[in-house]
Every structure is written in structure tokens, then in C-alpha cells.
Amino acid sequence: MYRRRDDPRGRMVAEITNDLRRYSFDAQHVGHAFAGLHGLNATDLQALIAVMEAELVGEPITPGRLGEVLNLSSGSVTALVDRLERAGHIRRDRDTVDRRKVLLHYADRGATLAQSFFGPLGRRTDEVMARFTDDELAVVHRFMSEMMRSMRAHRDEVRAARGEPRRAAAPDPAGDR
């Protein structure tokens, strides 16, 4: 994975791998900058991303599911949700169908902060996407979906090797394509 390749395909694979690594590094840097500006830690940021992804697909996340996604105990999730709610980033709502069920949503304040910070990045992303055809985007999407599945499988193997408690696997926020 990290060695130079001599053939054209090998060089392309190495370049793509390096690009993915650099993109991940830069994305983490941007996320940490947002977190630092708003007094959030890494887990807080991961939780906000999980809440946002769940809302984007129209399936708000429960605190229990958030614990599964982040591999946290129920006590840790309670403290996390309490902290994010006090800071105005998320809100708890009762499910309208099953009143025993609590759903987590972005609070207006949290959504405003995120939009203000990440809006320019979203516009840049839209500009890049506009330079690709629908067919090209379909290939990129398929590639990224496969890469995410591969990364999650590796993450789960690492967790298992470390003896971390087995919790349900995180869903693919874009669906299981």
C-alpha cells in the first residue's frame, strides 16, 4: 500500500491512496478546527456528524444507536448527549409514534454554527462536483462507498483485536448499496 509502484496502474493506485490519506488528514484538521472553536472534543464532533448523517437520510438517531456507532457505553452516551444538549448543539425529542423512544436532532444553534463554518466548504464541494458528469460521479460514488465499507471492516477488526466490546456495526449513512 505504501510502496511505490512501477506500472501505470500501480502508480495510479498509489496516487489515489495518497490522495485519500491527504483528504482524510485535511478533513480531520477542518473538523478539529470547528471543534476547537466551539469547545468540542473529538467524540463530540463524531457524535454531531452521526446525528447529522442520520437526519440527512431521514432516520433520526437514538442515544442507544449513537452509542453503537461511536462504540460507547450507555453512561458515556448519556454524558455526551447531556453535554451537547447543554451547549445547544443537539436536542432530544420524543418519537411521535413511540413516546418511550428518544431521538436526537441538530438544535437550531448547532445547525447555525455548523452552516456558518462549513458553508464555504460545501460551496467548494458543489463547485468540484459540477465539473464531473453524472456517470463520472456514479463511479466516484461507487468507489467511495466501497472504500468506506473496507475502512469500516478494518476498523471493526482492529476493535475486535483490541478486545473492545462488540457493539452493532455502524450503518452506511448513504445506504447499503
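Residues numbered from 1 in each chain as written. Predicted model: local features only at pLDDT ≥ 70, side-chain atom pairs only at ≥ 80, totals over all residues. Heavy atoms only, no water.

1. Description of the packing of helix α1 (residues 8-37) against helix α5 (residues 108-130)
Note the threshold: In this analysis, axes come from line fits to C-alpha atoms, helices being fitted only over the stretch in contact, and the angle between any two N-to-C directions falls in the range 0 to 180 degrees. Where helices and strands are cited, they refer to DSSP runs of H or I of at least four residues and of E of at least two residues respectively, numbered from the N terminus. Orientation labels follow simple angle bins: below 35 degrees gives roughly parallel, above 145 gives roughly antiparallel, 65 to 115 gives roughly perpendicular, and whatever is left gives oblique. By definition, any crossing whose near helix is turned counterclockwise from its far helix by less than a right angle is left-handed, and any crossing with a clockwise turn is right-handed. Contacts between residues were defined by any pair of non-hydrogen atoms, one from each residue, lying within 4.5 Å.
Between α1 and α5, whose axes approach to 11 Å, the crossing angle comes to 140 degrees. One way to sum up the angle between α1 and α5 is to call them oblique. Regarding α1 and α5, the two cross each other, and that crossing is right-handed. Packed against α1, whose contacting residues are Val30, Ala33, Phe34 and Leu37, the element α5 presents Leu113, Ala114, Phe117 and Phe118 at the interface.

2. Quick look at the nonpolar core
Note the cut-off: Among buried residues, those of type Ala, Val, Leu, Ile, Met, Phe, Trp, Tyr and Cys that are joined through side-chain atoms within 4.5 Å constitute a nonpolar core. Exposure is judged per residue with a 1.4 Å probe applied to protein chains only, and the accessible area is read against the type maximum: over 50% gives exposed, under 20% gives buried, and values in between give partly exposed.
In terms of nonpolar packing, the biggest core is built from 22 residues, with Phe34, Leu48, Ile61, Leu66, Leu84, Ile90 and Leu104 touching the most fellow members. When contributions to this core are tallied by element, the ones reaching two or more residues are α1, α2 (42-56), α3 (63-70), α4 (74-86), β2 (102-106) and α5. Among the elements that make up this core, the one with the highest residue count is α2 (six residues). Excluding residues within four positions of it along the chain, Leu84 makes contact with Leu40, Asp44, Ala47, Leu48, His89 and Ile90.

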